[in-house]
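# A structural walkthrough
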Amino acid sequence: MATPFWGSGGFMLEIKNLHATVNGKEILKGIDLTINDGEIHAVMGTNGAGKSTLSNVIVGNPAYEVTEGSITFNGKDLLAMKPEERAHEGIFMSFQTPIEIPGVSMTNFMRAAVNARRQAKGEEPLKSTDFLKIMREKRKLVEIDQKLMNRSVNEGFSGGEKKRNEIFQMAMLEPTFCILDETDSGLDVDALRIVAEGFNKLRTSETSAMVITHYQRLLDYIKPDIVHVLIDGKIVKTGGPDLALKIENEGFDWIKAELASI
Amino acid sequence: MKSEQQYIELYGEVSNLIKQKSCDIMNNVRDAAFASFEKVGFPSKKVERYKYTDVDAYFAPNYGVSLNTLEVKPSKYIFRLAESPIDLSAYYNTIADNNDGITALNTAIAHDALVIYVPRNTRAEDPIQVDNWLRGNTSTMVNRRVLVILEQGAEATIIMNDHAEDKQRFLTTQVMEIFCKDNSHLDIYEIEETTPLCSRFSNVYINVERDCTVKHNSITLYNGQTRNLCDVVLKGENSEVTLNGCAIAGGSQRIDNNTLIDHRVPNCTSNELYKYVVDDKSVGAFAGKILVEKDAQKTVSHETNSNLCASADARMFTQPMLEIYADDVKCAHGSTVGVMDETALFYMRQRGVPEEEARMLLKNAFMGQVIDQIQLQPLRDKLFVKVEKRFRGELEKCDDCRLCK
């Protein structure tokens, strides 16, 4: 078992009794989850268990409604914040399906994002030359092609390029808490490795993350401290990295059987 | 009360004065145009091409009618019709349709016309820019008449800017007749950047002969009520016409564009792209007809109207039309009305871009497609900035406008 890094010891993210609905249907049925500074938590589960709902609720997607419970982030009430305010607090989600935005160039998009965050922190917007310099450095770090930067956001990007672009944006925004929502879906092994290594390079001792995945494969690269199993809107099992290996070999049926026997 | 009456009375009072100030070429057709106006009046909403604009309501207020002739310094390609060094009677009022009440009224009242004349085989190296500044101490009606003639082999880029002082109401009628002779090339931009107190009725008629390329760009950045008509007749083979439009409306502004491209001869191409962003409680209307007559074989035509309704209260009416009487043609037309892409908005907000800024970026990106097609690079760059300012709500301050300095 990897040694958890407890960082400053604070509870970065604290979710209590979280219930959420989509189009009136209850998906999350009471989630309790605490992620400390520097920890990596994996969330695994069957299709439709509520994994993506959980990540979307944390980042404040207006399509999801929280009906009960609370989320605090570094002691602040996250649910009272707009999505952009949560981003300014340091929350980043790598999207399962990154969105294409025709007509908005990557450069302009990142400039708007970086400067909005600086403004929220009371800092001056970056000078154009400084901004482009940072773009160049981060681009090299995650090995993303310059020509993609002049294109519209994600437009005409391959599946791998889109995922790598998510990690590039993470590099630009330097979040303290990252959600990787099925970052491995649709990636071949090489692309997966590059994306995971990109994440590991960016990670500091304070960065914590929630990694949502169906497979052990991603967890070979991004080693979790704690693994949760989400079934039918609840976390039904929590364990160490071994739990992910066991799920990889045996699936979820044994957990469902355990639940049924209670 | 029908609002024609005040204009009929006005004509009775001032027609002699107008005739004195004007010239034969205009006076020769004046009474006939007035008779036509008396007969047809202002088009009601029952008239198909005016169904989206209540003309009567905009002409009803009592405006002072300006009969002053502004000084036009004659330059290489520009002069007043009354001072024309050449006989232009073969052009003036020959393609304007005086069965249209607004055109008829303009022909009856306008006492001079601006002429842009590019002689045979001449290339106007620099763009010809015409700035129209509306200003005055009272509500004013202005009737502008324009004649554009590109002789055989001539080439020109024309930019017409409309500005207005923001404290007065202005009602403008414009009739522009454009003649493109064989192998001439015209790129013309009409850019309106007025105020919510302005009403504009513009009727543009374009005659295209053979081997021409003609681009007409209608850009409404800021306005009150705008109704633009653009009628193009393709009379010579191997010509290409492009009609592009960019319309941005917010508040309770209205923008109504109505176009007709009439393919009378074979082997011509027409492209049309009009894009609208309507926000707040504004109303946009687009009706564009491509008419392919029976001899116009091998016509290629594309018409697209795409619209973004950025608020729940904004309204967009769209009516792309194709009427084809030839059997060997390639024509396509389509229109879309969409709302803001919520997934894209959320994606940007997750990265920390505030909602308002994200909306602005999406609107800007949507309009970018039309601005991108502007060939004149300095103008394209300027319009990218202006469109962004418009969406940021900064254009009203009109910082580069001479009137406000």
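Scope of this entry: the structure provided in the associated data block. (Residues numbered from 1 in each chain as written. Chains lettered and ligands numbered in written order. Predicted model: local features only at pLDDT ≥ 70, side-chain atom pairs only at ≥ 80, totals over all residues.)

### Overview of the overall build of chain A
Rules: Strands here are runs of E lasting at least two residues and helices are runs of H or I lasting at least four, both read from the DSSP assignment and numbered beginning at the N terminus. Atoms counted for the radius of gyration: C-alpha only. Globule rule: 2.2 Å times residue count to the power 0.38.
Looking only at helices and strands, chain A features 10 helices and 12 strands. Against the globule reference of 18 Å for 262 residues, chain A gives a C-alpha radius of gyration of 18 Å, in line with a compact fold. Summarising its shape, the C-alpha atoms of chain A cover approximately 65 × 40 × 40 Å along the three principal directions.

### Digging into the overall build of chain B
Heads up, the rule is: Exposed residues have 12 or fewer other C-beta atoms within 10 Å of their own C-beta, buried residues have 20 or more, and residues in between are partly exposed; the C-beta atoms are placed from the backbone.
Within chain B one finds seven helices and 18 strands. Here the C-alpha radius of gyration of chain B, 21 Å, is about what a compact globule of 405 residues would show, namely 22 Å. Overall, chain B is about 70 × 55 × 45 Å in size when its C-alpha atoms are taken along their principal axes. Across the 405 residues that make up chain B, the buried fraction comes to 48%.

### Looking at the pairing of strand E15 (residues 283-292) of chain B
All names here are of chain B. Stated formally: DSSP-based pairing: two strands are paired if at least 2 bridges between them are found.
For E15, the tally of buried residues reaches seven of 10 residues, placing the bulk of the element in the interior. Judged from the 10 bridges that link them, strand E13 (residues 254-263) and E15 form a sheet pairing that is parallel. Each residue of the ladder has a partner; that of Asn257, found in E15, is Phe286. Where E15 lies against strand E17 (residues 315-324), 10 bridges are found, and the strand directions are parallel. Counted as the bridge partner of Phe286 is Thr318 from E17.

### A closer look at the sheet that holds strand E9 (residues 177-181) of chain A
Residue and element names in this part refer to chain A. The following threshold applies: Every axis in this analysis is a line fitted to C-alpha atoms, fitted for helices over the stretch in contact. Angles between the N-to-C directions lie between 0 and 180 degrees.
Ordered in space as E6-E9-E10-E3-E11-E12, the six strands form an open sheet in which the pairing is mixed. Among the strands making up the open sheet, the edge pair consists of strand E6 (91-94) and strand E12 (234-239). When the angles between neighbouring strand axes are averaged without regard to direction, this sheet yields 20°. With five bridges joining them, strand E3 (residues 40-45) and strand E11 (residues 226-231) adopt parallel strand pairing. Of the residues in E11, the one forming a bridge with Ala42 is Val227.

### Description of the interface of chain A and chain B
What counts here: C-beta atoms are first placed from the backbone for all residues, and any pair lying within 7 Å is then listed as a contact.
Across the boundary between the two partners, chain A contributes 21 residues, which contact 18 residues of chain B. Element by element, the count of residues in the side of chain A that touches chain B is highest for helix H3 (residues 106-120) of chain A, at five residues.

### Some details on helix H6 (residues 159-173) of chain A
All names here are of chain A. Inclusion rule: Take the residue count of a helix, subtract one, and multiply by 1.5 Å to get its expected span.
An ideal rise of 1.5 Å per residue puts 21 Å on 15 residues; H6 measures up with 22 Å between its terminal C-alpha atoms. Turning to H6, its buried residues are Lys162, Lys163, Arg164, Asn165, Glu166, Ile167, Phe168, Gln169, Met170, Ala171, Met172 and Leu173. Just beyond H6, the residue with positive phi is Glu174, at close to 45°.

### Observations concerning unusual backbone geometry
Look at Asn74 of chain A: it is not a glycine, yet its phi comes out positive at around 50°. As for its placement among the helices and strands, Asn74 of chain A is situated in the loop between strand E4 (64-73) and strand E5 (76-77). The class for Asn74 of chain A is partly exposed, based on 15 C-beta atoms found within 10 Å. A positive phi angle, close to 50°, is found at Asp280 of chain B, a residue other than glycine. Relative to the assigned elements, Asp280 of chain B resides in the loop between strand E14 (269-278) and E15.

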